[in-house]
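Take a look at the letters that make up each chain.
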Amino acid sequence: IIGVYDDISLICPYIDKADIPADGYLVKVFDNPSAAGCKLMVITGHTDITVFYGAVDFLDDYLPATAIVKAGITYTDHLLYSELPDYQHASAPKIKTRSIFAWGHTINSYRDYIDHMARLKMNQIVIWNDFLPVNAEDVVSYAHEYGIELLWGYAWGWSRSCASEDLEHLELLSRQIVDEYENTYSVALGDGIYFQSFTEIKNASTINGLNIAQKVTELVNMTAAELLRRYP
């Protein structure tokens, strides 16, 4: 039996709701009281995604432990054909946001990438691209099917040459960053944005006498304030 606890009445006789942790799942394997000699397996949680995590636990943790091992070889084709040991495991993540950063051009198949993330119970991805992918909406939609947030990364004065004119005209640079958000990322259906500003500049602390740390702080503050004003 697999499903959200409150949606499937069959689960209630076998599982106490209080035994399922908040934001977590419960997997239980035990003797089936209605079928002698058989086992009953219950995978449940409070949401679709926690039930999925329970299924991952059953598939990736419990079942391999039951496999037949001979001479160091695990015979996975025998899974479910040998007697299954009793099992009860309840789990919930200790870290609320389980995130990974990825360069967009290294993701050959976004579906495979997100599939693996979900199996690892990760729930946020930051994808950095020089340009928004043409299939951005498809990528976001697929991530959301697994309860994964997607943040688009783009440069706030990083992809440029970081020349003195950038630091001397922060207002212009800030407007360009905000315009890029409005024209590109605000319509990409993502859950947020990630940015870098004036990094990888060969350990320099100043440009033409202007303190980079001070100027980048001004840039980020004015840009974030304008985005907040337009998109509260």
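Residues numbered from 1 in each chain as written. Predicted model: local features only at pLDDT ≥ 70, side-chain atom pairs only at ≥ 80, totals over all residues. Heavy atoms only, no water.

**Looking at the sheet that holds strand 1 (residues 2-4)**
Thinking step 1. Strand order in the open sheet made by the 4 strands is 1-3-2-6, with mixed pairing throughout. Sheet topology places strand 1 and strand 6 (87-91) at the edges, where each strand pairs with a single neighbour. The sheet shows a mean angle of 15° between the axes of neighbouring strands, direction not considered.
Thinking step 2. Pairing between strand 1 and strand 3 (residues 39-45): 3 bridges, direction parallel. (Pairing = 2+ DSSP bridges. Helix = DSSP H or I, 4+ residues; strand = E, 2+ residues; numbered from the N terminus. Axes fitted to C-alpha atoms, helices over the stretch in contact; angles between N-to-C directions.)

**Notes on the nonpolar core**
Thinking step 1. Within the largest apolar cluster, 35 residues are counted, with the highest numbers of intra-cluster contacts made by I114, L150 and W152.
Thinking step 2. Those residues in contact with I114 that sit more than four places away from it in its chain are V139, Y142, A143, Y146 and I148.
Thinking step 3. Core analysis: the second largest hydrophobic core is formed by 9 residues, Y25, V29, F58 and L63 among them. (Core = buried A, V, L, I, M, F, W, Y, C linked by side-chain atoms within 4.5 Å. Buried < 20%, exposed > 50% of the residue type's maximum accessible area, 1.4 Å probe, protein only. Contact = heavy atoms within 4.5 Å.)

**Quick look at helix 5 (residues 170-183)**
Thinking step 1. For helix 5, with 14 residues, the first-to-last C-alpha span of 20 Å sits near the 20 Å given by 1.5 Å per residue.
Thinking step 2. Among all positions of helix 5, only L170, L173, S174, I177, V178 and Y181 are buried. Taken around the axis of helix 5, the buried residues stretch over an arc of 135°, which confines them to a single face. (Expected span 1.5 Å × (residues − 1). Arc of directions from axis to C-beta.)

By themselves, these figures tell us nothing about what the structure is for.
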